[in-house]
There are 2 protein chains.
Amino acid sequence: MTVRAQRLPATARRAQLIDVARVVFAKRGYEAASLEEIASKAKVSRPVLYEHFGGKEGLYAVVIDREMEYLVRRMAESIATGAPRERMEQAALAFLVYVRDQPDGFAILTHDAPMSSSGGTMSSLLNDVAERVGDVFASAFKDAGYDPKTAPIYAHALVGMVTFVGQWWTDVRKPPVEEVASHISALAWMGLRRLPKKPARLPAKKA
Amino acid sequence: MTVRAQRLPATARRAQLIDVARVVFAKRGYEAASLEEIASKAKVSRPVLYEHFGGKEGLYAVVIDREMEYLVRRMAESIATGAPRERMEQAALAFLVYVRDQPDGFAILTHDAPMSSSGGTMSSLLNDVAERVGDVFASAFKDAGYDPKTAPIYAHALVGMVTFVGQWWTDVRKPPVEEVASHISALAWMGLRRLPKKPARLPAKKA
DNA sequence: CGTGTAACTTACGGTTGTGTAGGTACGCGT
DNA sequence: ACGCGTACCTACACAACCGTAAGTTACACG
């Protein structure tokens with residue numbers, strides 16, 4: 001017989017459950033994750049989850065929402081100021097810092113999302129991020145005389161770069177993200193043709 | 001009562017089952033796919049699947065193996081000859097042609113892979129591709145005086161670019177892959193700084 | 001010190017999916 | 001036409017989940 005759970009106020013319990021669910025969804029992905037496991041890791045019985053979130057989809061939605069919110073805010077802050085090249089490097093760095101400091105959150109974003117219950121296609125969460133980047137590019141392209149219709153290509157290319165490198169870095173955890181970010185932005189900015197031997201590190205940005 | 005399945009020789013049935021499984025795994029991902037659905041789509045009862053592949057993991061393993069084999073062969077052929085810049089564009093093009101012509105196969109590679117049954121981590125299939133690219137880069141970097149330890153960064157960055165753009169292209173299906181490939185390789189080679197207004201198309205390569 | 005309500009639980013029903021045991025029919029070779 | 005093996009099926013045992021109903025404990029407040 002499992003010991004009775006410690007009684008918590010609703011909001012506190014809710015917060016704890018979200019934290020636990022984050023970890024489980026990160027490790028297993030949506031499909032393979034079970035409410036059973038989440039409940040047991042939270043030292044609580046399953047109906048509590050239904051009480052708070054209505055079911056698996058509801059819980060997942062809350063977790064996703066929080067994570068996207070967090071990431072997008074961080075990215076937006078990081079690219080608010082500076083010259084184009086600096087913004088790009090800052091964006092890459094912000095993303096990689098997220099990968100480093102919130103590995104569970106990052107894992108969730110890279111896992112398969114559940115089907116939209118009406119049977120639609122499987123959609124990558126990071127597509128939303130890429131689309132926002134695409135908007136930025138589209139207007140910049142317009143000003144600079146490039147074809148704005150090609151903007152999504154470049155936007156997705158850049159998001160794909162950092163995402164995939166981030167996944168690799170998660171395994172290796174070396175070198176430090178600042179160095180990785182400078183390599184990535186060097187590649188994106190200079191191209192392979194004029195790759196600097198050792199990309200310069202960004203000066204620390206003051207908060 | 002479902003009609004009795006048409007009797008097929010083992011090898012033919014096996015081939016058909018792999019084809020059907022490919023489609024189902026592509027649409028659902030490993031976890032959400034069920035042998036039930038595969039069997040029914042193949043107009044066959046479930047035990048037939050066990051007869052041929054031993055179980056879900058076995059079937060999945062066969063499908064994956066075929067797909068990786070196919071993709072890697074295509075990529076290897078495409079980068080066999082030419083100057084560095086051309087090879088890169090050819091590689092990107094080959095990948096995107098695969099995305100276009102084998103959408104199911106590509107979907108499978110981008111979906112979550114099942115856990116290695118001993119409880120390991122979820123591994124992206126495309127990591128293997130990136131690692132091969134990494135080897136190419138490592139030796140090239142050594143010759144050119146770059147730090148070979150940074151090669152994986154660039155390899156993963158490039159694979160991530162085409163993968164993510166490929167996923168986007170799957171939704172939009174426009175512009176033609178040849179144009180997308182030339183944009184991508186222009187970005188990777190020239191960098192954002194010196195982006196050409198309209199990247200030149202590659203001359204058709206003779207088989 | 002009761003009493004009501006918020007927080008949690010045990011218990012059940014139903015569905016879906018994996019894997020296996022044992023039986024049936026098709027059609028080829030002779 | 002008659003085996004006989006290959007191909008295939010029905011049926012079952014079992015486990016994992018999801019979701020819900022109904023009951024139980026603890027704490028706050030009059």
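Look above for the structure.
S.K.: Let's hear about helix 7 (residues 126–144) of chain B: which residues, and what values?
M.R.: When the terminal C-alpha atoms of helix 7 of chain B are compared, their 27 Å separation across 19 residues agrees well with the 27 Å that a helix rising 1.5 Å per residue should span. The set of residues buried in helix 7 of chain B consists of Leu126, Asn127, Val129, Ala130, Gly134, Phe137 and Phe141 of chain B. Here the buried residues of helix 7 of chain B occupy an arc of 140° about the axis, which is enough to place them on one side. Within helix 7 of chain B, the exposed residues directed more than 90 degrees away from the buried face are Glu131, Arg132, Asp135, Lys142 and Asp143 of chain B. Among the structural elements, helix 8 (151–172) of chain A together with helix 4 (56–78), helix 5 (84–101), helix 6 (103–110) and helix 8 (151–172) of chain B are those in contact with the buried residues of helix 7 of chain B. Gly145 of chain B lies just past helix 7 of chain B and shows a positive phi near 85°.

S.K.: Which residues make up the protein's contact with DNA strand D, and what are the values?
M.R.: Around DNA strand D, 23 residues are found, and the nearest of them are Arg46 and Tyr50 of chain A together with Arg7, Arg13 and Ser45 of chain B. Taking all atoms of DNA strand D within 4 Å of the protein, the share assigned to sugar and phosphate is 56%. One of the backbone nitrogen or oxygen atoms of Lys56 of chain A is found 3.3 Å away from a phosphate oxygen of DNA strand D. One nitrogen or oxygen atom from the side chain of Arg7 of chain B is found 2.3 Å from a base oxygen belonging to DNA strand D. Mapped by element, the contributors of at least two residues to the surface near DNA strand D are helix 2 (35–41) and helix 3 (47–53) of chain A together with helix 1 (10–32) and helix 3 (47–53) of chain B. Classifying every residue of the surface near DNA strand D by side-chain character gives eleven nonpolar, four polar and eight charged.

S.K.: Requested: an account of the protein's contact with DNA strand C, with residues and values cited.
M.R.: The local shell around DNA strand C holds 24 residues, among which Arg7, Arg13 and Ser45 of chain A together with Arg46 and Tyr50 of chain B are the closest. Here a base nitrogen of DNA strand C and a side-chain polar atom of Arg7 of chain A are 2.7 Å apart. Taking Leu35 of chain B, its main chain carries an N or O atom lying 3.0 Å from a phosphate oxygen of DNA strand C. Elements with a minimum of two residues in the surface near DNA strand C: helix 1 (10–32) and helix 3 of chain A together with helix 2 (35–41) and helix 3 of chain B. Its residues assigned to classes, the surface near DNA strand C shows eleven nonpolar, four polar and nine charged.

S.K.: Tell me about helix 1 of chain B, and please be specific about residues and values.
M.R.: Residue and element names in this part refer to chain B. For helix 1, which comprises 23 residues, the first-to-last C-alpha distance of 27 Å sits more than 12% below the rise-based estimate of 33 Å (1.5 Å per residue). Ala26 marks where helix 1 bends most, by close to 80°. Buried within helix 1 are the following residues: Arg13, Leu17, Ile18, Val20, Ala21, Arg22, Val24, Phe25, Ala26, Gly29 and Tyr30. On its buried face, helix 1 sits against helix 2, helix 3, helix 4 and helix 6.

S.K.: Before we move on, can you summarise the environment of Ala39 of chain B with the specific residues and values?
M.R.: All names here are of chain B. Within the secondary structure, Ala39 sits in helix 2. With a relative accessible area of 3%, Ala39 lands in the buried category. Sequence separation of Ala39 and Thr121 is 82 residues, and the distance between their C-alpha atoms is 29 Å.

S.K.: Could you give an account of the interface of chain B and chain A, naming the residues involved and the relevant values?
M.R.: On the side of chain A, 48 residues touch chain B, which itself brings 48 residues to the contact. Summed over both sides, the interface of chain B with chain A buries roughly 4400 Å², with 69% coming from carbon and sulfur. When the buried surface of chain B facing chain A is broken down by residue, Ile153, Tyr154 and Phe164 of chain B rank first, second and third, together holding 16% of it. The interface formed by chain B and chain A includes zero salt bridges. Between the two partners, chain B and chain A, sit nine residue pairs in polar contact (both at pLDDT 80 or more). Looking at the side of chain B that touches chain A, the elements with two or more residues in it are helix 1, helix 7, helix 8 and helix 9 (177–190) of chain B. Here the side of chain B that touches chain A gets twelve residues from one element, more than from any other, and that element is helix 8 of chain B.

Criteria and cut-off values
Residues numbered from 1 in each chain as written. Chains lettered and ligands numbered in written order. Predicted model: local features only at pLDDT ≥ 70, side-chain atom pairs only at ≥ 80, totals over all residues. Heavy atoms only, no water. Helix = DSSP H or I, 4+ residues; strand = E, 2+ residues; numbered from the N terminus. Expected span 1.5 Å × (residues − 1). Buried < 20%, exposed > 50% of the residue type's maximum accessible area, 1.4 Å probe, protein only. Arc of directions from axis to C-beta. Contact = heavy atoms within 4.5 Å. Near = heavy atom within 4 Å. Polar contact = N/O pair within 3.5 Å; in protein donor to acceptor, adjacent residues only side chain to side chain. Nonpolar A, V, L, I, M, F, W, Y, C, P; charged D, E, K, R; others polar. Bend = angle between axes of the 7 residues up to and from the residue. Buried area = accessible area lost by both parts, 1.4 Å probe. Salt bridge = Lys/Arg side-chain N within 4 Å of Asp/Glu carboxyl O.

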